[in-house]
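# Per-entry structural report
Each chain is listed here by its residues.
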Amino acid sequence: MPTTISGFFLQCAPRGALELVVPAADAPFGVEHHRREEPAGPWRRAATFGRDLGPIGAVSLIQSNFGDPGHLEAVARARAGDRLAAFWCAPGSEPSWSEPRFFAEGAAGDPALIQGGFGGRGNFELVVPHAGGGLAHYFRDNDTAELGWHGPAIFGADLGQFEAVAMIQRSVDAQRAAGDLELVARVGDRLLMFWRSPGSGAAWQGPEEVVSGVRGTPALLRSAAGGEGALELFSPLAGVGLARWCRADGARGARFRGPTVFATDLGRCEAVSAIESRPLGRIELAVRAAGQVAHVVRDGELWSRRAVGHGGSPPLSAAPSPTAPPPSAPPTESSPAAAPATPADTPSPAAAPATPADTPSPAAAPPSPPATPSPSAARPSPSARPPRAPLPTSAPPQLRAGPHRAGFRRIGGLSLSADAGYPDLWPFEGAVYRCPARSTALLYYPASADGEEAPLSPGGPFPAIAIAHGRRLATSAAAPGSPADIGQDHRQLAGVMAHLARWGFVVVAPDLSWLAPDDAPQRRAAVLRDALSHLRAGSRGPLLADFDRVGLLGHGLGAQAALALALDAACPFHIRALALLAPAGEPARAPTIDALAPRPVLVVRGTADPIAADVPAALYERARAPKHLVTLPGASHFGYTTSLGLDEPLDGTAALSRREQQAIAMGYLAAFFNGYLRDARGCLDALSGKASLEGLEAREIQVSAEMPGSSAGLQG
């Protein structure tokens, strides 16, 4: 019966009722005690206690082995002051909570309380962030009449100011003997793990860094997952929603798998508490978010929630959590029949990168370009856009706007490795090139709204794609209103990036414009690798991207860089798919593409592209299966770019409008990466000559492919 998991939510033995304590939102404040007696019954407020403490910052709840049934015991921290207050009550139908008993001066964060296995009856164990830095461990000796608290034992003081803790005690043998105390504590946006072996005076060990990109109060739970048990970790994210990580029980030092992001509809969450309820063994969570409380339940892999409501706040209506995609497209997609939004082909130098609304759906007929917006014109908010109609079930998904919006982020301070930069100044054709101290990159990712720093969509982490952009000539002319600085070149494929983000890919494009045009592909490949490494090392990188599913896309001269990274045996990422868009350069200097097999390659070329006239076909010919070649009639070299309005003097005259060329290319690229990074092999029919992309049936687009085991290439 004693509770060996900290939190503010539990299932009371032997009654089975769910008990929950949360800070009251309004005067006279204190702690609200909520209860649900029946599995399908409503939540009700059973009591309010601790009003004399004023506003409460946090509270932790257990059921002890005092009394029959065991008493409910709580420890609360008031927002004002640095002491903790202990309370108890018998869990009757109308619980009456005791007056506070104060202890633990110097508390400065959210506490974690359990009843452990140390001592005859089982001591209370409590860890709380300490005002002087680090964590403070207290215990209450339950084998004495005084029931006095002892401590603090301070640890982790050199790590700074912690803010919240979650703790468990494990059982390690068949006799359920007391095992280690284990806890995760949050400092900034990181969670660190500590542990302490059984026995009086044992020292705390650690820390191990677990995850980053989090906020609020986490929850730690030992579940029966997989039959052998698992250690599950839940935490509010720094943005919105919750994330779950998991590792095998007892695998200390092993990496937590995850995250799975969910409950983003709750907005910014403050705290989470977790239990494995009886008799069904379901994971159930209580979540504090925006002045309300939600009860979230997992059956299998699906999450659902129902309201608790507290502090006079209107209750949350019962609704599914958006962990799994809905059966039809969400109401945030535009109708295929709707006119596309104003393009961003000609932004001002200060304008943000193009968002998904700026990119047309390949299935729609390309309209004539509308007037260029004023640089000062404000973008419409996502909520002001009309809802999008569900897609026909027969529509190939890669041709439509995906189930996500696309958020973007500008990355600064990108560190460059030694093999990426020049050792000194690098003269070339009268210009002098030098390695910058730090570089930049543009990141697009699946989001619940369009725009910069938009909230991440649920369902992550998502497959990652790194882009090596093409290179403009010094004689390039930009359309009026477009940036003339070639340092903007990593924005060239912003429309492609947004389209892929809508389909659930995290896409990063580092700036390669500071490299000389004749540079070896390996130097550009190193910058591409550095961008992926920077993303993975960031606090939110593991929440965004699945670095076991990485694809590369290279345009123009960047195609050789993407190929070089894919073939680099020392690359720390497993590159699973490579797309080459109008690959340029000298084929003789390109890395040996046949060594890419059995990983797939897609080559896209245009018939009006004099810059990459013979290179695409030569690369395709030398590649081994699986390989795909798409020839776009009338497509030029720079027509794929969406944000710079390029006018290259050496480029061909395209028979396709820029919108048409972009739309067609994006359809084939999305099909390729969906097919090979998500194993959605039905998307590959249009890349293997078996089908046409919807809306392109009347166009003569030549598609060639060779798949493993086939005796000859397929034509379409």
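Below you will find a few notes about this structure. Bear in mind that the values here come from a model prediction, so they are computed numbers and not experimental data.

## Overview of the overall build of the chain
Check the secondary structure of the chain and you find 6 helices and 40 strands. The buried share of the chain, reckoned over its 716 residues, is 56%. A separation of at least 24 residues holds for 61% of the contacts in the chain among residues at least 6 apart in sequence. As presented, the chain carries roughly 27600 Å² of accessible surface, and 53% of it is formed by carbon and sulfur atoms.

## So, the environment of I62
With respect to the secondary-structure elements, I62 resides in strand β5 (residues 56-63). Sequence separation between I62 and Q11 is 51 residues; the distance between their C-alpha atoms is 9.5 Å. Those residues in contact with I62 that lie beyond four places of it in its chain are T3, L10, H71, L72, E73, L113, I114, Q115 and F124.

## Here's the deal with the packing of helix α2 (residues 521-537) against helix α4 (residues 558-566)
Viewed as axis vectors pointing N to C, α2 and α4 meet at an angle of 70°, and their least axial separation amounts to 8 Å. Comparing the axis directions of α2 and α4 gives the class roughly perpendicular. Across the interface between the two elements, P521, Q522, R524, A525, L528 and R529 from α2 touch Q560, A561, A562, A564 and L565 from α4.

## Remarks on the pattern of salt bridges
This structure, assessed with the given rule, holds 19 salt bridges. With a closest N to O distance of 3.2 Å, E163 and R186 form a salt bridge. Note that E163 is positioned in the loop between β12 (149-155) and β13 (164-171) and R186 in strand β14 (residues 178-187), a separation of 23 residues in sequence. Measuring nitrogen to oxygen at the nearest pair gives 2.5 Å for the salt bridge that ties R410 to E452. Residue R410 is located in strand β26 (residues 405-414), and its partner E452 is located in strand β30 (residues 451-452); the two are separated by 42 residues in the primary sequence. Judged by its relative accessible area of 39%, R410 falls in the partly exposed class. Beyond isolated ion pairs, a larger network of salt bridges with shared partners links E232, R244 and R298.

## Considerations on helix α1 (residues 494-502)
Note that an α-helix has 3.6 residues per turn; residues three or four places apart therefore point the same way. With 9 of 9 residues buried, α1 lies mostly within the body of the structure. Backbone geometry just after α1 places G504 at a positive phi near 90°.

## Structural notes on the packing of α1 against helix α6 (residues 658-677)
Helix packing geometry: the angle between the two helix axes and the distance between the axes. Where α1 meets α6, the axes come as close as 10 Å, and the angle between the chain directions of the two elements is 45°. Between α1 and α6, the interaxial angle falls into the category oblique. The hand of the α1/α6 crossing is right-handed. Only M666, L669, A670 and F673 of α6 make contact with α1, whose side of the interface consists of G495, V496, H499 and L500. Looking at side-chain class alone, the contact of α1 with α6 contains 6 nonpolar, 2 polar and no charged residues.

## Some thoughts on the sheet that holds strand β9 (residues 112-115)
Taken in spatial order, the 4 strands make up an open sheet running β9-β10-β11-β12, and their pairing is antiparallel. Looking along the sheet, the strands with just one partner apiece sit at the ends: β9 and β12. With direction set aside, neighbouring strand axes in the sheet form an average angle of 20°. Relative to strand β11 (residues 135-140), strand β10 (residues 124-129) runs antiparallel, the two sharing 6 bridges. Paired with L126 across the two strands is Y138, which belongs to β11.

## Here's the deal with the sheet that holds strand β20 (residues 257-262)
Spatially, the 4 strands line up as an open sheet ordered β17-β18-β19-β20, and their pairing is antiparallel. Taken across any chain shown, the strands that pair with only one partner, and hence form the sheet edges, are β17 (219-223) and β20. With direction set aside, neighbouring strand axes in the sheet form an average angle of 20°. The pairing of strand β18 (residues 230-236) with strand β19 (residues 242-248) spans 7 bridges and is antiparallel. Bridge pairing in β19 links A230 to A248.

## Notes on the packing of aromatic side chains
One pass over the full model with this rule turns up 15 aromatic pairs. Plain terms: the ring middles of F162 and F194 are 6.2 Å apart, the flat faces sit at 70° to each other, and that makes the pair edge-to-face. Highlighted residues: F162 in the loop between β12 and β13 and F194 in strand β15 (residues 190-196), separated in sequence by 32 residues. Neither residue differs from the other here; F162 and F194 are each classed as buried. An aromatic cluster is defined as three or more aromatic residues linked by ring pairs; in this entry it consists of F66, F103, F124, Y138 and W149. Sitting above the plane of the F66 ring, R121 keeps its charged end 4.0 Å from the centroid.

## A short note on the side chain of R502
With respect to the helices, strands and loops of the structure, R502 is situated in helix α1. No salt bridge forms around the buried R502; measuring N to O, its nearest opposite-charge neighbour D450 is 6.9 Å away.

## So, the nonpolar core
Formed by 73 residues in total, the largest nonpolar core has its most connected members in L233, W245 and L552. In terms of nonpolar packing, the next biggest core, distinct from the first, is built from 48 residues, L442, V604, M666 and Y668 among them.

## With respect to α2
Helix length check: α2 (17 residues) gives 24 Å between terminal C-alpha atoms against 24 Å at 1.5 Å per residue, within 8%. With respect to burial, α2 is a largely interior element, 12 of its 17 residues being buried. All of the buried residues in α2 are P521, R523, R524, A525, A526, V527, L528, R529, D530, A531, L532 and L535.

Procedures and definitions
Along every chain, residues carry numbers that run from 1 in the direction the sequence is written. In view of the model being predicted, local features appear only for residues whose pLDDT reaches at least 70, and side-chain atom pairs are presented and counted only at 80 or more, with totals across whole chains, interfaces and linings using the full set of residues. Just so you know, side-chain values use all the structure's heavy atoms and leave hydrogens and water out. Each helix is a run of DSSP H or I of at least 4 residues and each strand a run of E of at least 2, with the numbering of both proceeding from the N terminus. The cut-offs for exposure are 20% and 50% of the maximum accessible area for each residue type, with area from a 1.4 Å probe on protein chains only; residues under the lower value are buried, those over the upper are exposed, and the others partly exposed. Residues count as neighbours in contact if any of their non-hydrogen atoms are within 4.5 Å of one another. For the area figures, the Shrake-Rupley method with a 1.4 Å probe applies, and any residue is considered shielded solely by the protein chains shown. Angles run from 0 to 180 degrees between N-to-C directions of axes, and those axes are lines fitted to C-alpha atoms, restricted for helices to the stretch in contact. Oblique is the label for every angle not falling under 35 degrees (roughly parallel), over 145 degrees (roughly antiparallel), or within 65 to 115 degrees (roughly perpendicular). Salt bridges are defined by distance alone: a side-chain nitrogen of Lys or Arg within 4 Å of a carboxyl oxygen of Asp or Glu. Rotating anticlockwise by less than a right angle from the far helix to the near helix defines a left-handed crossing, while the corresponding clockwise rotation defines a right-handed one. Under the convention adopted here, Pro, Cys and the residues Ala, Val, Leu, Ile, Met, Phe, Trp and Tyr are nonpolar, Asp, Glu, Lys and Arg are charged, and Gly plus all remaining residues are polar. Should DSSP find at least two bridges between two strands, the strands are regarded as paired. Pairs were defined over the aromatic rings of Phe, Tyr and Trp, the Trp ring being its six-membered one, requiring ring centres within 6.5 Å. Orientation was assigned from the angle between planes: stacked under 30 degrees, edge-to-face over 60, tilted for the rest. In this scheme, Lys NZ or Arg CZ marks a charge over a ring once it lies within 6 Å of the ring centre and within 35 degrees of the ring normal. Under the counting rule used here, the positive set is Lys and Arg, the negative set is Asp and Glu, and His together with the chain ends is not counted. Take the buried residues of types Ala, Val, Leu, Ile, Met, Phe, Trp, Tyr and Cys, join any two whose side-chain atoms come within 4.5 Å, and each joined set is a nonpolar core. Take the residue count of a helix, subtract one, and multiply by 1.5 Å to get its expected span.

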